[in-house]
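Chains, contacts and geometry: an overview
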Amino acid sequence: MTEIEKINNLRAEMLKEGIDLYIIPMRNNLLNNDLKPHENRIKYISKFSGSAGQIFITLQKASIFVDGRYELQVKLEVNSKIFEINEIGMQSYIKWIETNLPENCTVGYDPKLFSISEIETYIKRFENHHIKLKSISDNLIDKIWSKIPSQKQVIISDHKIEYSGIKRAEKLNKLIDKFIKSQDEALFVGDNNFISSFTNLRAYRNEYTPAVPAFCVITANNCHLFLENCRINKNDVTKIATDIRIHDLKDFKRDIANILKNVKIVKLDKKDTTIFVQETLKKLNIKVLHQNDINHSKAIKNSIELESFKKAHELDAIAICNFLYWIKKQKNLNNLDELKIVKSIEFFRKEQQPHYLGPSFPAIVGFNENGAIIHYNATKKTNKKLSGDGLLLIDSGGQYKYGTTDVTRTILVGKANEEMRRLYTLVLKAHIALARVSFNKKTTGAELDNVARSVIKKYGYDYNHGTGHGVGSVLSVHDGILSISPKEKKANFQENMVFSNEPGIYLEGLFGIRIENLMVLNKDTKIRNNLCFEILSHIPFERELFDLNILNETEVNWINKYHAKVYEKLSSKLKLDQRTWLKNATLPV
């Protein structure tokens, strides 16, 4: 079916439901946007393959909302004659609805795909326009999707204490002590990364993210896990059963009634809990209390997790340095293309098996103009050969038994021109500014973002994404309760949180530049009560792209110290030829 045929079929279902607009979000029943093929309803209806977005379908119009990372990509993938393209965000949604829908209309949605907080926001904003919201239990896209891709069963395994650092029972007891004050109270947790963290469970074979697909209900006496299409690793069944009772998510309505038969209050975080769960609890006459700090501890790594993180980054640095040596020694880069580079990066990471589990996200490999598409993924249709001079942006990461990695390097193919050197160095200056910053706990994510962004804006450039995101421990590469972004107005950054540092400059139709390391927050030993970053990623920068005319002495010293540390950490773990290459790549500037 064409997009128009699919939309017309959807509109027929909308008429049956008596709704004027249907909202299609980029998420699944567990509020994740790391989607399996059968959950990617936006891709089915529009062909958009990005990881963030939302679609509105009315009886006359269609609109797709995406963020700045996909500004170029959406234009290439989505038919603009069918879909309007708008900026993602609640303000944009409300404005679009107010402009395109009359008063007294009805907006339909799937209660399994929307959080309580999101629907409450819609309700509040719609009050003055007399717009109604209708919860529709059967997903309307699924009704018209004739060949929904099959699902693979997920295997759940115990995440060993040597990686997790704290026993499962101890973590559960801490949650119970903090949130459950009596036998008639319970705690609902919908954040899969946090569930995986405090239960010490992982779905190691999951593509990209080993988070356990589940809801969790904790009572004063027990922890209940509702798993979606999973089975427990047979070697871990007895161990896990000691602390956790396992249920099938399909039986949630039935089993939750028995679990909560003596419970009067359930505490939950509205932003991580679906309307479906709220409706289920309401039918049981259970009072819901919003608790906004349930998952705050997940961003703070314990000492064992941090040591494991460092091991993962060392293994990853070895793999990436071996890759960089290989590509730099190629005599004819014309034989290479973006898809071959993706396969090559995976080849060198697989050399780190059995410690290596798989990529932490689909590798972003873009040469020249494709590198300007912030979250570009090469396909057979878009695949570009490395011919001529230019810049190759490579953003990739790995899942290891020890931790999660994410690193970006922009490398030179052929010869550099003055503009390439100048812009690369501006991005490096911004990267260094954030890496060196010392700040107190009242500093917001937006203020930290500005430390890097202001360097680039001073020269008349900007980038359409945040500067940094939190990273989980053998979990989602985009995790954490805080980000380093213009939109992050919250503070409370704490020791042992891990973030990326990835400023960039993108020239549409020409090339993109991004430099990314992961960093952990430490106490600043020089300034009392302040925090500073320790770098976890140890991979050399592209010295052929340095413009020494715009680097100051402090920045040059920082680069030299960083490169010296890279060589110190990796040289003994590389073969002779690779070690010689690394020695030259890390020589003082």
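In what follows, the structure referred to is the one given above.
To start, this report covers the structure provided alongside it. (Residues numbered from 1 in each chain as written. Predicted model: local features only at pLDDT ≥ 70, side-chain atom pairs only at ≥ 80, totals over all residues. Heavy atoms only, no water.)

1. Describing the packing of aromatic side chains
- Within this structure, the stated rule accounts for 27 aromatic pairs.
- Taking the centre distance of 5.3 Å and the plane angle of 65 degrees together, the rings of Phe188 and Phe215 count as edge-to-face. One end of the pair, Phe188, is in strand β8 (residues 185-189); the other, Phe215, is in strand β10 (residues 214-218), with 27 residues separating them in the sequence.
- Using a relative accessible area of 3% as the deciding quantity, one classes Phe188 as buried. (Phe/Tyr/Trp six-rings, centres within 6.5 Å; stacked < 30°, edge-to-face > 60°. Helix = DSSP H or I, 4+ residues; strand = E, 2+ residues; numbered from the N terminus. Buried < 20%, exposed > 50% of the residue type's maximum accessible area, 1.4 Å probe, protein only.)

2. With respect to the sheet that holds strand β6 (residues 132-135)
- One open sheet accounts for six strands, arranged β4-β3-β2-β1-β5-β6; its pairing is mixed. Both outer strands of the open sheet, β4 (84-87) and β6, are each paired with one neighbouring strand and no more. Taking the axes of each pair of neighbouring strands and ignoring which way they run, one obtains an average angle of 25 degrees across the sheet.
- One ladder, built from four bridges, connects strand β2 (residues 54-58) with strand β3 (residues 62-66); its direction is antiparallel. Of the residues in β3, the one forming a bridge with Ile57 is Ala62.
- In the packing of helix α4 (residues 90-100) onto the sheet, contacts are made with β1 (21-25), β2, β3 and β4, and the angle to β2 comes to roughly 10 degrees. (Pairing = 2+ DSSP bridges. Axes fitted to C-alpha atoms, helices over the stretch in contact; angles between N-to-C directions. Contact = heavy atoms within 4.5 Å.)

3. Considering the pairing of strand β11 (residues 223-227)
- Within β11, five of the five residues are buried, which leaves it mostly tucked inside the rest of the structure.
- Burial along β11 is two-sided: the residues Cys223, Leu225 and Leu227 and His224 and Phe226 are all buried.
- Pairing analysis gives four bridges linking β11 to strand β13 (residues 245-248), with the strands arranged parallel. Paired with Phe226 across the strands is His247, a residue of β13.

4. Topic: the nonpolar core
- If you look at the biggest cluster of nonpolar residues, it comprises 83 residues, and the most contacted ones within it are Ile327, Ile341, Leu386, Leu392, Phe493 and Phe533.
- Counting residues per element, this core draws most heavily on helix α15 (residues 418-436), at 10 residues.
- Those residues in contact with Phe533 that sit more than four places away from it in its chain are Leu434, Ala435, Val437, Phe439, Ile484, Phe499, Met519, Val520 and Leu521.
- One finds Leu21, Phe56, Phe65 and Val107 within the second-largest nonpolar core, a separate group that totals 38 residues. (Core = buried A, V, L, I, M, F, W, Y, C linked by side-chain atoms within 4.5 Å.)

5. A few points about helix α18 (residues 576-585)
- Considered for burial, the residues of α18 that qualify are Gln578, Trp581, Leu582 and Ala585. Looking straight down α18, one finds its buried side chains confined to an arc of 100 degrees; they lie on one side.
- Contacts made by the buried residues of α18 are with α13 (303-328) and α17 (553-570). (Arc of directions from axis to C-beta.)

6. Some remarks on the side chain of Glu185
- Along the chain, Glu185 turns up in strand β8.
- A polar contact is formed between the side chain of Glu185 and the backbone nitrogen of Lys181, at a distance of 2.9 Å.
- Excluding residues within four positions of it along the chain, Glu185 makes contact with Phe179, Ile180, Thr219, Ala220, Val263, Ile265 and Lys267. (Polar contact = N/O pair within 3.5 Å; in protein donor to acceptor, adjacent residues only side chain to side chain.)

7. Things to note about the pairing of β10
- Of all five residues making up β10, five are buried, and the element is well covered by its neighbours.
- Burial along β10 is two-sided: the face carrying Ala214, Cys216 and Ile218 and the face carrying Phe215 and Val217 are both buried.
- Bridge count for β10 against β11 is five bridges, and the pairing is antiparallel. Note on β11: the bridge partner recorded for Cys216 is Leu225.
- The hairpin formed by β10 and β11 contains four residues between the paired strands.

In short, the description is geometric, and any link to function would need to be established separately.
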